[in-house]
Structure formats: structure tokens, C-alpha cells
Amino acid sequence: MNTNDVIMRLEKKEDYREVENLIRESFWNVYRPGCSEHYVIHVLRDDPAFIKELDYVMEKDGILIGQNMFMRTIIEADDGRIIPVLTMGPIGITPDLKRRGYGKRILDYTLEKATAMGYGAVLFEGNIDFYGKSGFDYASKFGIRYHDLPEGSDASFFLCKELVPGYLNDVTGVYQTPKGYYVDDSDVEEFDKFFPPKQKLKLPGQIF
Ligand SMILES: CC(C)(COP(=O)(O)OP(=O)(O)OC[C@H]1O[C@@H](n2cnc3c(N)ncnc32)[C@H](O)[C@@H]1OP(=O)(O)O)[C@@H](O)C(=O)NCCC(=O)NCCS
């Protein structure tokens with residue numbers, strides 16, 4: 001799809017390394033010194049829970065400037081049901097073009113695609129200041145708890161958006177992050193050697 005100055009399209013195999021580099025640039029030193037997200041997407045593409053039909057990139061003047069992707073996961077409901085849901089990310093925008101509305105554009109576009117495919121809800125970890133503008137709210141408001149988080153802990157990082165209104169109306173339970181998101185630091189280090197050298201910095205605001 002061509003929306004004025006950008007093209008949204010599915011990621012192709014030949015984009016893989018460029019997208020990994022884009023994600024590396026986008027996340028580098030943001031949440032920790034260096035980052036692991038470029039390796040995470042490298043691994044997730046081969047995961048059975050990965051949704052190829054929702055693996056989107058955004059192109060501007062022939063250059064990839066953003067991407068987003070989704071995985072299938074579940075809520076283990078308190079009444080014993082297994083509720084299929086989506087989780088999302090990594091999502092990233094090239095550093096020079098952050099805070100110009102591109103992130104919101106690919107986010108909204110891919111959420112529309114996920115809705116059209118019939119998925120009921122998306123849950124994941126993120127900042128409400130950005131995702132709130134695209135209709136996300138705290139998952140706690142939907143009665144959904146984050147796995148392994150002690151009761152009473154701050155869960156404001158854990159967000160939810162219903163794609164089908166009312167999808168979680170009669171559900172309370174625990175959300176599970178797909179296993180594929182957990183990667184070994186040593187594997188990240190090895191993978192990172194395929195990319196141009198970059199300096200890892202400890203910066204204020206990092207959470208790890
Ligand atoms: C997070 C990210 C995808 C947002 O994309 P973006 O193009 O920079 O954001 P947009 O311009 O579309 O933002 C729309 C609004 O969301 C809010 N917002 C965006 N990023 C924000 C941030 N990091 N903190 C707080 N609010 C943010 C702002 O209100 C912004 O509007 P404003 O710039 O007029 O104030 C992008 O900044 C990025 O790649 N960051 C590094 C990787 C990352 O953190 N990914 C998300 C992990 S959950």
C-alpha cells in the first residue's frame with residue numbers, strides 16, 4: 001500500500017538483513033547498552049508462532065525505515081480456557097525519522113491488518129504514551145495479568161488492545177510471552193558480529 005510518502009508491504013526474505021540492521025539501529029542503547037532485538041527478530045521468523053502475513057516493513061524513497069511483526073500467543077484464563085491472542089514487536093523506526101509519526105502509521109496499519117484477519121486482541125509490553133494513541137490501554141483494566149509478575153507489582157508496562165470489541169469481556173487470566181522472545185546474551189553477542197561495530201553505552205533511562 002502506498003500512503004503518500006511511504007509504502008507498507010510484507011517483509012521479503014531478501015530484506016531480512018536490512019531489517020535486522022534497521023532494528024539494531026532503532027533499539028541500540030535505548031533499553032540497555034547495545035540491544036538484542038535484531039537477534040530476536042532473526043530467531044522469531046522461524047518460530048511456529050510467527051505470523052508471516054503480519055510481518056510488515058515501511059519503505060520511503062526505496063529505503064526501509066520501519067517494521068512491525070506479530071506472534072500468536074495465549075491467555076490462560078482463570079476458568080481453564082485457553083484464549084488465543086496476539087503479541088507484537090519488535091517495532092522500530094530508523095533513528096533519524098523517529099517522532100515524525102511513522103511509528104504510529106505502521107502500528108495502525110498493521111493493527112488494521114490483524115483485525116481484518118480476525119484476531120481478537122493484542123497484548124504486549126510497551127509505553128502507554130505511544131501505544132495509548134493507537135487504542136491500547138493497561139492490560140490490568142481487561143483483567144489480564146502478566147506471567148511471573150508478583151501480585152501488587154507495577155504492571156503499567158503491560159498493554160492490551162481488543163481488535164474485536166468485547167473479545168476479553170468475560171476473560172480474566174494470565175498472558176504468556178512466547179518463548180521465542182527469550183534469547184541468550186551470548187547468542188546475541190555472536191550474532192552482533194555480523195553487523196558494523198557500534199559502541200555500547202550505559203545511558204540514563206535504560207531499563208536493563
Ligand atoms: C517507539 C517507536 C516505534 C515510535 O515510533 P515514532 O515514529 O518515533 O513515534 P511517532 O512519531 O509515531 O509517535 C506518535 C506519538 O507517540 C508518542 N511517543 C512516541 N514515542 C514515544 C516515546 N519513546 N516516549 C513517549 N511517547 C512517545 C508521542 O506522543 C508521539 O507524538 P509526538 O512526537 O507528537 O509527541 C520508535 O520511536 C522507535 O523505533 N523507538 C526505538 C525502539 C522502540 O522503543 N520500540 C518499541 C518497543 S515497545
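Coordinates for the structure precede this section.
Undergrad: Would you mind showing me how to read the pattern of salt bridges here?
TA: Pairing between side chains of opposite charge can happen when the charged atoms of each approach one another. For the structure on display, the rule yields 16 salt bridges. Here Arg-9 ties to Glu-59 by a salt bridge, and the two come within 2.7 Å at their closest N and O atoms. Taken together, the residues Arg-9 in strand E2 (residues 6-10) and Glu-59 in strand E3 (residues 56-60) connect sequence positions 50 residues apart. Assessed through its relative accessible area of 17%, Glu-59 is described here as buried. In this structure, the salt-bridge partner of Lys-141 is Asp-137, at a minimum N-O distance of 3.4 Å. The network of salt bridges with shared partners includes Glu-11, Arg-17, Glu-20 and Arg-45.

Undergrad: What should I look at first to understand the pairing of strand E4 (residues 63-68) in this one?
TA: Here is the key point about a regular strand: its side chains alternate between the two faces of the sheet. Along E4, five of the six residues are buried, which leaves the element largely enclosed by surrounding structure. Hairpin connection, E3 to E4: the antiparallel pair is bridged by two residues, and Asp-61 has positive phi, about 50°. As paired elements, E4 and strand E7 (residues 92-93) share two bridges and run antiparallel to each other. Paired with Gly-66 across the strands is Ile-93, a residue of E7.

Undergrad: Could you clarify how one ought to interpret helix H5 (residues 185-192) in this entry?
TA: Side chains that are three or four residues apart share a direction in an α-helix, a result of its 3.6 residues per turn. All buried positions along H5 are accounted for by Val-188, Phe-191 and Asp-192. End-on view of H5: buried residues confined to an arc of 100°, all on one side of the axis. Contacts from the buried residues of H5 go to helix H1 (16-27) and helix H2 (37-44).

Undergrad: Got a minute to help me understand the site of the ligand in this structure?
TA: Taken together, 19 residues are adjacent to the ligand, and Tyr-31, Arg-99, Gly-101, Gly-103 and Lys-133 come closest. The backbone of Arg-100 places a nitrogen or oxygen atom 3.1 Å from an oxygen atom of the ligand. Between Lys-104 and the ligand, the recorded distance is 2.8 Å, taken from a backbone N or O atom to an oxygen atom. Within the complex, the protein chains bury 75% of what would otherwise be the 890 Å² of accessible surface of the ligand.

Undergrad: Explanation requested: the packing of H2 against H5 in the structure shown.
TA: Helix-helix packing: each pair is described by the crossing angle between the helix axes and the interaxial distance. The geometry of H2 relative to H5 is characterised by a closest axis approach of 9 Å and an angle of 95° between their N-to-C directions. One element, H2, and the other, H5, form an angle in the roughly perpendicular class. Within the contact between the two elements, H2 uses His-38, Tyr-39 and His-42 and H5 uses Asp-187, Val-188, Phe-191 and Asp-192. Split by residue class, the contact of H2 with H5 holds three nonpolar, two polar and two charged.

Undergrad: Which parts of the structure should I look at to understand the environment of Ser-153?
TA: Secondary-structure assignment places Ser-153 in the loop between strand E10 (144-146) and strand E11 (158-162). In this structure Ser-153 comes out as partly exposed when scored by relative accessible area, which is 33%. A distance of 2.6 Å separates a polar side-chain atom of Ser-153 from the backbone oxygen of Pro-150.

Undergrad: Mind showing me how you'd approach the packing of aromatic side chains here?
TA: Note on aromatic pairs: each is described by the distance of the centres and the angle between the planes. Applying the stated criterion across every chain, the model contains 14 aromatic pairs. Here Phe-130 and Tyr-131 contribute two aromatic rings whose centre-to-centre distance is 4.7 Å and whose plane-to-plane angle is 65°, an arrangement assigned as edge-to-face. Ring centres of Tyr-146 and Phe-158 lie 5.0 Å apart, and the angle between their planes is 65°; this geometry places the pair in the edge-to-face category. Taken as a pair, Tyr-146 in strand E10 and Phe-158 in strand E11 lie far apart in primary sequence, twelve residues in all. Of the residues examined, Phe-158 reaches a relative accessible area of 1% and is grouped as buried. Members of the aromatic cluster, connected to one another through ring pairs, are Tyr-39, Phe-191, Phe-194 and Phe-195.

Undergrad: Any chance you could explain the layout of surface pockets here in plain terms?
TA: The probe, sized like a water molecule, is rolled over the atoms to show the empty space still left. Of the pockets and cavities examined, the largest pocket occupies roughly 1600 Å³. Lining of the largest pocket is provided by 41 residues; of these, Phe-27, Tyr-31, Glu-125, Gly-126 and Tyr-131 occupy positions nearest its centre. Put simply, the parts of the chain that give the lining of the largest pocket at least two residues each are H1, H2, strand E6 (82-88), E7, helix H3 (102-116), strand E8 (121-125) and helix H4 (128-131). Considered class by class, the residues forming the lining of the largest pocket number 21 nonpolar, ten polar and ten charged.

About the cut-offs
- Residues numbered from 1 in each chain as written.
- Predicted model: local features only at pLDDT ≥ 70, side-chain atom pairs only at ≥ 80, totals over all residues.
- Heavy atoms only, no water.
- Salt bridge = Lys/Arg side-chain N within 4 Å of Asp/Glu carboxyl O.
- Helix = DSSP H or I, 4+ residues; strand = E, 2+ residues; numbered from the N terminus.
- Buried < 20%, exposed > 50% of the residue type's maximum accessible area, 1.4 Å probe, protein only.
- Pairing = 2+ DSSP bridges.
- Arc of directions from axis to C-beta.
- Contact = heavy atoms within 4.5 Å.
- Near = heavy atom within 4 Å.
- Polar contact = N/O pair within 3.5 Å; in protein donor to acceptor, adjacent residues only side chain to side chain.
- Areas by Shrake-Rupley, 256 points an atom, 1.4 Å probe, with all protein chains shown as cover.
- Axes fitted to C-alpha atoms, helices over the stretch in contact; angles between N-to-C directions.
- Parallel < 35°, antiparallel > 145°, perpendicular 65-115°, else oblique.
- Nonpolar A, V, L, I, M, F, W, Y, C, P; charged D, E, K, R; others polar.
- Phe/Tyr/Trp six-rings, centres within 6.5 Å; stacked < 30°, edge-to-face > 60°.
- 1 Å grid on protein atoms, 1.4 Å probe; cavity = no way out; pocket = protein on both sides within 12 Å on 5 of 7 lines; lining within 4 Å.
- Points joined across faces, edges and corners; volume = space filled by probe spheres on them.

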